[in-house]
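Listed below are the residues making up each chain.
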Amino acid sequence: MHSIRFRFFSFLAALLLILLLLLNTYPLISSRDAVYEEKRSSMAAAASVVTSSLSGLDHLTRQSVAEVLAFLDISGYSRILVTDREGTVIYDDGGPSGGTVQIEDVLTALRDSKTIFRSRLSEAAFSSSYAVPMSAQGVITGAVYLCEHDSERAEIIYGIQSRIRVLSVTISLAALLLSGSFVLALMRRLQDLVRSMRVVAGGDYAYRHPIRGQDEISELGEEFNLLTERLETTEKQRRRFVSDASHELKTPLASIRLLSDSIVQNDMDSETVREFAADIGHEAQRLQRTTEDLLDLSRMDDGIGFVPEPSDVSQAAQDALVLLRPLAREHNVRLSAALDDGCVVMGSPDELFKIIFNLTENAIKYNVPNGTVDLIVRGTPEAVEIEVADTGIGIPEADRLNIFDRFYRVDKARSRATGGNGLGLSIVHDAVQAHGGSVAVGQNKPQGSKFIVTLPRATEEETGI
Ligand SMILES: Nc1ncnc2c1ncn2[C@@H]1O[C@H](COP(=O)(O)OP(=O)(O)OP(=O)(O)O)[C@@H](O)[C@H]1O
Ligand SMILES: [Mg+2]
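Quick notes on the rules
Residues numbered from 1 in each chain as written. Chains lettered and ligands numbered in written order. Predicted model: local features only at pLDDT ≥ 70, side-chain atom pairs only at ≥ 80, totals over all residues. Heavy atoms only, no water. Near = heavy atom within 4 Å. Polar contact = N/O pair within 3.5 Å; in protein donor to acceptor, adjacent residues only side chain to side chain. Helix = DSSP H or I, 4+ residues; strand = E, 2+ residues; numbered from the N terminus. 1 Å grid on protein atoms, 1.4 Å probe; cavity = no way out; pocket = protein on both sides within 12 Å on 5 of 7 lines; lining within 4 Å. Points joined across faces, edges and corners; volume = space filled by probe spheres on them. Nonpolar A, V, L, I, M, F, W, Y, C, P; charged D, E, K, R; others polar. Axes fitted to C-alpha atoms, helices over the stretch in contact; angles between N-to-C directions. Left-handed = near helix turned anticlockwise from the far one by under 90°. Contact = heavy atoms within 4.5 Å. Salt bridge = Lys/Arg side-chain N within 4 Å of Asp/Glu carboxyl O. Domains from an automatic or database assignment. Buried < 20%, exposed > 50% of the residue type's maximum accessible area, 1.4 Å probe, protein only. Core = buried A, V, L, I, M, F, W, Y, C linked by side-chain atoms within 4.5 Å.

Turning next to the site of ligand 1. Inspection of the region around ligand 1 gives 22 residues, with Asn362, Tyr366, Asn421, Gly422 and Leu425 positioned closest. A distance of 3.0 Å separates an oxygen atom of ligand 1 from a polar backbone atom of Val410. At 2.8 Å, a backbone N or O of Gly422 approaches an oxygen atom of ligand 1. The set of elements that each furnish at least two residues to the shell around ligand 1 consists of helix H8 (349-365), helix H11 (424-434) and strand E12 (449-456). In terms of residues, the shell around ligand 1 owes the most to one element, H8, which gives three residues.

In structure tokens form, the structure reads like this:
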């Protein structure tokens, strides 16, 4: 649950631990090694001065060695020891002479004729020793052993080390504190966002996440709010659609029920029964059309489109005209058409038919006696235009924005009388969009309305011509 926080702190702790370890060991080791090297070379130089000076003596005695050493003025060593070839101490300023030397390094230097240097750092000092054999004409004549005790250097190194320790621990704690509080604040804001998401997921689509600052998390919050807004709109539309749809279905069903009840309960002559049955049929037809339209719309909502094929718009217009001519006659409206050849779009002939049928049907239905309807299909290099102009009652400007909404009717009473559901233009709108086109509505001068649908024309590659 808190894995990001946990992971961050583990990572940070590991990083700081490594840093602390490095800072508290590396400087000590490297400066210690540098001092060792320096000691080795300075002791080697001193030892070589002593051995070369002593090799000039014929006979090594305590007296002669002391004289040479005094002359050389070698200082800074805590002990200088000189032995003969057998390991008998001739000179030792740190103890008695005469006995056999007990120092392992000196014995090894005499036996194996090699130089042995040792240096050790403890809290108190650098303790170094240097054992070197003396020789004359290739023959070992004795050994020199130097010891040194340097507490000053050790003190400096340990002083620096302890300052580094204090500093690194302080910096680590500060880093842990600062980044810790930063991460905790970040986590709190993310948790706030999660809380908001839970509120919205619980169904409160009106809730908005409070936005603070202008960073990436605020951006996330803004995106989430946009998403919620879209959800809210969709949800509102869905609710309205369901209530509108059930209302539209309820009214004809109630009429059917009323009519059938009347037939069952009353003694009627066969003429009246036939009239009532015809009315029932009429209502049932309306129900059928409504449900078909609703199915069409929900199919388009689901994005279950058509497979685009080269479709002739003028042909679809011809098919619609065949069905609509009787209606025009019934309404006493003159229907004229001007259809260009070769107006092909990539789409579905069925959907094109629905677009033209619905627009032309409206133009006839919302017309006046002796009015006209002009259906034009024309091609431009890029597009195919369908224009439906009528001399009818027109659409008030305030309603033009809404007429493509589902179940929207300008004059509820009037269009109900003409049998309209208010779904025709929604279907037109969705079908036009599915073809990648656009639909616009305007006034037809001097009277009536004009709808213009613009669809992208099929290219030569698409039609295969
Ligand atoms: N050519 C037009 N002239 C005047 N009003 C129109 C015209 N076309 C549409 N309208 C208005 O727009 C409303 C919506 O039209 P739409 O085609 O969507 O629904 P309808 O015709 O009422 O019902 P349906 O087409 O579903 O049977 C209509 O009710 C009508 O008021
Ligand atoms: Mg209509």
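More follows now that the structure is in view.
This part is about empty space enclosed by the protein. If you walk through the whole model with that rule in mind, you get one cavity of 30 Å³ or more. In this model, the largest cavity occupies a volume close to 90 Å³. In this structure, the largest cavity is lined by Arg189, Asp192, His209, Pro210, Ile211, Arg212, Ile217, Ser218 and Gly221. Contributing elements (two or more residues each) for the lining of the largest cavity: helix H4 (151-201) and helix H5 (216-265). The element best represented in the lining of the largest cavity is H5, accounting for three residues. Within the lining of the largest cavity, the residues separate by chemical class into three nonpolar, three polar and three charged.

So, about the packing of H8 against H11. At their nearest, the axes of H8 and H11 sit 9 Å apart, and the two run at 145° to each other. Both H8 and H11 take part in a crossing whose hand is left-handed. Counting all contacts with H8, which are made through Glu351, Lys354, Ile355, Asn358, Leu359 and Asn362, the residues of H11 involved are Gly424, Leu425, Ile427, Val428, Ala431 and Val432.

Let us look at the side chain of Ser314. Secondary-structure assignment places Ser314 in helix H7 (residues 313-331). Residues in contact with Ser314, not counting those within four places in the same chain, are Leu339, Asp340, Cys343 and Val377.

Quick look at the pattern of salt bridges now. Under the defined criterion, the tally for this structure stands at 28 salt bridges. Between Asp105 and Arg118 there is a salt bridge, and its shortest N-O distance comes to 2.8 Å. Of this pair, Asp105 sits in helix H3 (residues 104-112) while Arg118 is found in strand E3 (residues 116-121), placing the two residues 13 residues apart along the sequence. Each of Asp296, Arg299, Glu351 and Lys354 takes part in a single network of salt bridges with overlapping partners.

What follows deals with the domain arrangement of the chain. Once the domains are mapped, the chain shows domain 1 (3-157), domain 2 (216-298) and domain 3 (306-463). The straight-line distance from the C-alpha centre of domain 1 to that of domain 2 is 105 Å.

Right, let's get into unusual backbone geometry. The omega angle of the peptide bond from Lys445 to Pro446 is -5°, so this bond is cis rather than trans. Positive phi outside glycine occurs at Asn370, with the angle close to 70°. With respect to the helices, strands and loops of the structure, Asn370 is situated in the loop between H8 and strand E9 (372-379). A residue is classified by how much of its surface remains accessible, and Asn370, at 64% relative accessible area, is exposed.

In this structure, Val313, Ile355, Ile356, Leu359, Ile386 and Val453 are the most contacted members of the largest nonpolar core, which totals 42 residues. Among the secondary structure elements, those contributing two or more residues to this core are helix H6 (270-301), H7, H8, E9, strand E10 (383-390), H11 and E12. Each of domain 2 (216-298) and domain 3 (306-463) gives at least three residues to this core. Those residues in contact with Leu359 that lie beyond four places of it in its chain are Val388, Leu425, Val428, Phe451 and Val453.

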